[in-house]
Amino acid sequence: MQLALCPLFSGSSGNSVYLSLGGTRLLVDAGVSAARVEAGLRELGADASELDAILVTHEHVDHVRGLGVLCRRHDLPVYANEGTWSALLQRERDFPRRLMRVFYTGEDFTLGRVSVRPFSIPHDAAEPVGYAFSCGVLSCAVATDLGHIDEGWLSAVSGCQALVLEANHDVEMVHRGPYPQRLKARILGKNGHLCNEDCARAMVTLAQKGTRAVFLSHLSADNNLPELAYNTVCEALSGAGYAVEKDVRVMVSRRDRVSDLLLLADDGDAMAR
Ligand SMILES: [Zn+2]
Ligand SMILES: [Zn+2]
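Residues numbered from 1 in each chain as written. Chains lettered and ligands numbered in written order. Predicted model: local features only at pLDDT ≥ 70, side-chain atom pairs only at ≥ 80, totals over all residues. Heavy atoms only, no water.

Trainee: Can you break down the overall build of the protein chain residue by residue, with the values?
Mentor: Of regular secondary structure, the protein chain possesses nine helices and 15 strands. Against the compact-globule benchmark of 19 Å for 273 residues, the protein chain has a radius of gyration of 17 Å, which places it among compact chains. Here the C-alpha coordinates of the protein chain stretch approximately 50 × 50 × 35 Å along the principal axes. Intrachain contacts of the protein chain at a sequence separation of at least 6 include 63% that bridge at least 24 residues. Summed over its atoms, the accessible surface of the protein chain is roughly 11100 Å², and 48% of this surface lies on carbon and sulfur atoms. Here the protein chain contributes 27 positively and 34 negatively charged side chains, and the mean placements of these two sets differ by 3 Å. (Helix = DSSP H or I, 4+ residues; strand = E, 2+ residues; numbered from the N terminus. Rg over C-alpha atoms; globule rule 2.2 N^0.38 Å. Contact = heavy atoms within 4.5 Å. Areas by Shrake-Rupley, 256 points an atom, 1.4 Å probe, with all protein chains shown as cover. Lys, Arg positive; Asp, Glu negative; His and termini not counted. Charge placed at Lys NZ, Arg CZ, Asp CG, Glu CD.)

Written as structure tokens, this is what we have:
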């Protein structure tokens, strides 16, 4: 059995993550146009029409921009909780009801052979969630748009071998940067976004619980640099005694194009291309 995980797009201009696990193909969020999601999937040799479902984390436009078109075009069921649905439907009243699926945050459900756990995250949306996925011994999680480290999401993603985890900003860059004070306060606030340093702290804890690969994701274009996020997390892991790339593979999700494809097999081999 194999796990394939790949952020197609990442950041405030749009987020979408593809994963294939135990023969089930899923998309988490569709935050760029349907055409761009389709093109991203094609680059991986996947096809949007072969997806089993789309899961939505929250209603912010950088997570749902292409959702309506994509699900209609390929007749794909869309999973979200009640809070997210009501926020989405306020904007998109004609969303096809036949494609809507509802789950309860914190309650596991199954898609094909994959067990899905939606967990609550601290973010300024109606009912935002991250997702943990498992099938046999393989597991992964998607957790971005995290205002701060809390026990809830940290324990929900603990033990997952591969993660898509937010490293949004460098705190100093936000303070010195051009954003208006209100926006700075939102980003740095309890329900905003996770900074590099907190991501690094979380990764040290998660490496102890068995995480072997991470995509640093949802990087700010103005308040972060890929190498700064990468170095901050790698230094923390090295400081805690982990050999980066050997014990824990660290990758940075790309903003406007498909990132590396991570492949994990249940015999323990990790590969990326
Ligand atoms: Zn958001
Ligand atoms: Zn976002």
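Trainee: Can you explain the state of the cysteines? Please cite residues and give values.
Mentor: For the coordinates displayed, the defined rule picks out zero disulfides. Considering cysteine sulfurs only, Cys140 is the nearest to Cys160, which forms no disulfide, with 6.7 Å between them. Just so you know, Cys234 is unpaired, no disulfide at all, and the nearest cysteine sulfur is the one on Cys199, 10 Å from it. Look at Cys234 and you get buried, because its relative accessible area is 9%. (Disulfide = S-S within 2.5 Å. Buried < 20%, exposed > 50% of the residue type's maximum accessible area, 1.4 Å probe, protein only.)

Trainee: Can you lay out the coordination of the zinc ion (ligand 1) for me, pointing to particular residues and giving the numbers?
Mentor: Protein ligation of the zinc ion (ligand 1) involves His58 (NE2), His60 (ND1), His123 (NE2) and Asp145 (OD), the donor distances falling in the range 2.1 to 2.6 Å. Geometry at the zinc ion (ligand 1) is irregular, judged from the four donor atoms that bind it and their angles of 88 to 173 degrees at the metal. Linear spacing of the donor residues for the zinc ion (ligand 1) on their chain is H-x1-H-x62-H-x21-D. Given a relative accessible area of 0%, His58 falls into the buried group. (Donors = N, O, S within 2.8 Å, 3.2 Å for Na, K, Ca; no water. Tetrahedral: all angles 85-135°; square planar, octahedral: opposite > 155°, others 65-115°.)

Trainee: So what's going on with the side chain of Glu59? Residues and values would help.
Mentor: Looking at the secondary structure, you find Glu59 in the loop between β4 (53-55) and α2 (61-64). No salt bridge is formed by the buried Glu59; its nearest oppositely charged neighbour, Arg91, is found at 6.3 Å. A distance of 2.9 Å separates the side chain of Glu59 from the backbone nitrogen of Ala126, its partner in a polar contact. Once residues within four sequence positions are removed from consideration, Glu59 is found in contact with Val64, Thr84, Ala87, Leu88, Arg91, Ala125 and Ala126. (Salt bridge = Lys/Arg side-chain N within 4 Å of Asp/Glu carboxyl O. Polar contact = N/O pair within 3.5 Å; in protein donor to acceptor, adjacent residues only side chain to side chain.)

Trainee: Provide a residue-level description of the coordination of the zinc ion (ligand 2), including the pertinent values.
Mentor: Ideal geometry at a metal gives 109.5 degrees between four tetrahedral donors and either 90 or 180 degrees between six octahedral ones. Within the protein, the zinc ion (ligand 2) binds to Asp62 (OD), His63 (NE2), Asp145 (OD) and His218 (NE2); these donor distances fall in the range 2.1 to 2.2 Å. Viewed at the metal, the four donor atoms of the zinc ion (ligand 2) are separated by angles of 92 to 165 degrees, and the geometry they form is irregular. All donors to the zinc ion (ligand 2) come from one chain, and their sequence spacing reads D-H-x81-D-x72-H. The metal-metal distance between the zinc ion (ligand 2) and the zinc ion (ligand 1) is 3.4 Å, with Asp145 serving as a donor to both. With His63 in helix α2 and His218 in the loop between β12 (213-217) and α9 (226-239), the pair connects residues that are 155 residues apart, well separated along the chain. A single burial state applies to His63 and to His218, both of which are buried.

Trainee: Give a description of the side chain of Glu38 that names residues and reports values.
Mentor: Its place among the elements puts Glu38 in helix α1 (residues 34-43). In this view, Glu38 contacts Ala48, Leu70, Arg73 and His74; residues no more than four positions away in its chain are not counted.

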